Amino acid sequence: MTRRTEWPESAGGPGASGDAEHRSCRTGGAAREDGAAARNGGGSRPSRAGSGPPRTPEEQARAICLRLLTGSPRTRKQLADALRERGIPEEAAEEVLSRFEDVGLIDDAAFAGAWVESRHHGRGLARRALARELRTKGVDSAVIDEAVARLDPAQEETTARELVDRKLRATRGLERDKRLRRLAGMLARKGYPEGLALRVVRQALEEEGEDADLLDEHLPDV
């Protein structure tokens, strides 16, 4: 036998059945969300604040910086530029960037040191080219000077010689002055001083049997 439920007038009236249906839908929806959360390993529904986007400029700035730093190290200026492009107010950006520096997530000195090491051994860049690259990334001049000073001049010359040795074969058959210009120009583009570049190229060509006196006559401007 089905028991009939009598709704009191204060909760009933003409819209009582509609209200009951509405409450039932809300309860059913909540139950379905709770069930989904349980299947996903959670005991309750996720909070809207936790699943939604950051609400304050500081929260947005932190999220942007963390995402960028996850991909690769960045300088403070690089992060500041990224925050500015995304419309983060300057005051909020400065607060977050300073906090990241305090905890070591931003370290321009460490960035510069790693950059010098990587780009010298990976691309054969000399101190002048390395300093130029670091300036474009907003690293302070004093920090740049300290980082590039760690590159030993003897190591720099050794790398220059290795670069010339790799390119030497490709220049065989060219006229002497063209070989000089091509090899010395390659080193100049990588930031090697003119004197070092010419000395290394001259030594390499001498070892191949080029006449030293003729080389002196054809030293190019690089």
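Scroll up for the structure.
Given the structure is predicted, the values throughout are model-derived calculations rather than measurements.

## Focus: the overall build of the protein chain
Then, in step 1: The helix and strand tally for the protein chain stands at 12 helices and 0 strands.
Then, in step 2: Across the protein chain, helices and strands are ordered from the amino to the carboxyl terminus as α-α-α-α-α-α-α-α-α-α-α-α.
Then, in step 3: Per-residue burial over the protein chain gives 32% buried out of 222 residues.
Then, in step 4: Contacts in the protein chain between residues at least 24 apart in sequence constitute 60% of all its contacts with a sequence separation of at least 6.
Then, in step 5: Here the protein chain displays about 14,500 Å² of accessible surface, and carbon together with sulfur accounts for 47% of that area.

## Considering the layout of surface pockets
Then, in step 1: The volume enclosed by the largest pocket comes to roughly 190 Å³.
Then, in step 2: At 5 residues, the largest contribution of residues to the lining of the largest pocket is made by helix α6 (residues 108–123).

## Quick notes on a nonpolar patch on the surface
Then, in step 1: Together, Leu 66, Val 103 and Leu 105 make up a nonpolar patch on the protein surface, roughly 260 Å² of accessible area in all.
Then, in step 2: Mapped onto the secondary structure, Val 103 falls in the loop between α5 (90–102) and α6.

## Quick word on the nonpolar core
Then, in step 1: Core analysis: the biggest nonpolar cluster contains 18 residues, and Val 164, Leu 187, Tyr 192 and Val 201 have the highest contact counts within it.
Then, in step 2: Of all elements in the fold, only α9 (153–168), α10 (176–189) and α11 (194–207) reach the threshold of two or more residues within this core.
Then, in step 3: In terms of residue count, the dominant contributor to this core is α11 (7 residues).
Then, in step 4: If we skip the residues at most four places from it in the chain, Tyr 192 touches His 120, Gly 124, Leu 125, Ala 126, Arg 128, Glu 156, Thr 159, Ala 160, Leu 163 and Leu 187.
Then, in step 5: The next biggest cluster of nonpolar side chains, apart from the first, holds 16 residues, and it includes Ala 61, Leu 79, Leu 83 and Val 96.

## Section: the packing of aromatic side chains
Then, in step 1: Counting across every chain of the model gives 1 aromatic pair.
Then, in step 2: Seen in terms of ring centroids, Phe 111 and Trp 115 are 5.7 Å apart; in terms of plane orientation they differ by 15°. Their pairing is stacked. With Phe 111 and Trp 115 both in helix α6 and 4 residues apart, this pair spans about one turn of that helix.
Then, in step 3: On the accessibility criterion, Phe 111 (10% relative accessible area) is buried.

## Points about helix α7 (residues 127–136)
Then, in step 1: Of all the positions in α7, only Ala 129, Leu 130, Ala 131, Glu 133 and Leu 134 are classed as buried.
Then, in step 2: Of the residues flanking the end of α7, it is Gly 138, one or two places downstream, whose phi is positive at about 85°.

## Structural notes on the packing of α10 against α11
When two helices pack together, their arrangement is given by the angle between the helix axes and the distance between those axes.
Then, in step 1: It is at 9 Å that the axes of α10 and α11 come closest, and there the two elements cross at 135°. With respect to α11, the element α10 is oriented oblique. The two elements α10 and α11 meet at a crossing, and its hand is right-handed. Across the interface between the two elements, Arg 179, Leu 180, Leu 183, Ala 184 and Leu 187 of α10 pack against Ala 197, Leu 198, Val 200, Val 201 and Leu 205 of α11.
Then, in step 2: By residue class, the composition of the contact of α10 with α11 is 9 nonpolar, no polar and 1 charged.

## Digging into the pattern of salt bridges
Then, in step 1: Counted according to the given criterion, the structure contains 13 salt bridges.
Then, in step 2: One salt bridge connects Asp 81 with Lys 77, and the closest N-O pair in it is separated by 2.9 Å. Taken together, the residues Asp 81 and Lys 77, both in helix α4 (residues 76–85) and 4 residues apart, mark about one turn of the helix.
Then, in step 3: Put simply, Arg 150 and Glu 146 hold a salt bridge, and the shortest N to O gap is 3.5 Å.
Then, in step 4: Given a relative accessible area of 54%, Arg 150 falls into the exposed group.
Then, in step 5: One network of salt bridges, with partners in common, ties together Arg 76, Glu 94 and Glu 101.

## Re α10
Then, in step 1: Over its 14 residues, α10 extends 20 Å from the first C-alpha to the last, a length consistent with the 20 Å expected when each residue adds 1.5 Å.
Then, in step 2: Those residues of α10 that sit buried are Arg 179, Leu 180, Leu 183, Ala 184, Gly 185, Met 186, Leu 187 and Ala 188.
Then, in step 3: Of the residues flanking the end of α10, it is Gly 191, one or two places downstream, whose phi is positive at about 95°.

Parameters and conventions
Residues numbered from 1 in each chain as written. Predicted model: local features only at pLDDT ≥ 70, side-chain atom pairs only at ≥ 80, totals over all residues. Heavy atoms only, no water. Helix = DSSP H or I, 4+ residues; strand = E, 2+ residues; numbered from the N terminus. Buried < 20%, exposed > 50% of the residue type's maximum accessible area, 1.4 Å probe, protein only. Contact = heavy atoms within 4.5 Å. Areas by Shrake-Rupley, 256 points an atom, 1.4 Å probe, with all protein chains shown as cover. 1 Å grid on protein atoms, 1.4 Å probe; cavity = no way out; pocket = protein on both sides within 12 Å on 5 of 7 lines; lining within 4 Å. Points joined across faces, edges and corners; volume = space filled by probe spheres on them. Patch = residues over 30% accessible without salt bridge, like charges linked within 9 Å, V, L, I, M, F, W, Y side chains within 5 Å. Salt bridge = Lys/Arg side-chain N within 4 Å of Asp/Glu carboxyl O. Core = buried A, V, L, I, M, F, W, Y, C linked by side-chain atoms within 4.5 Å. Phe/Tyr/Trp six-rings, centres within 6.5 Å; stacked < 30°, edge-to-face > 60°. Axes fitted to C-alpha atoms, helices over the stretch in contact; angles between N-to-C directions. Parallel < 35°, antiparallel > 145°, perpendicular 65-115°, else oblique. Left-handed = near helix turned anticlockwise from the far one by under 90°. Nonpolar A, V, L, I, M, F, W, Y, C, P; charged D, E, K, R; others polar. Expected span 1.5 Å × (residues − 1).

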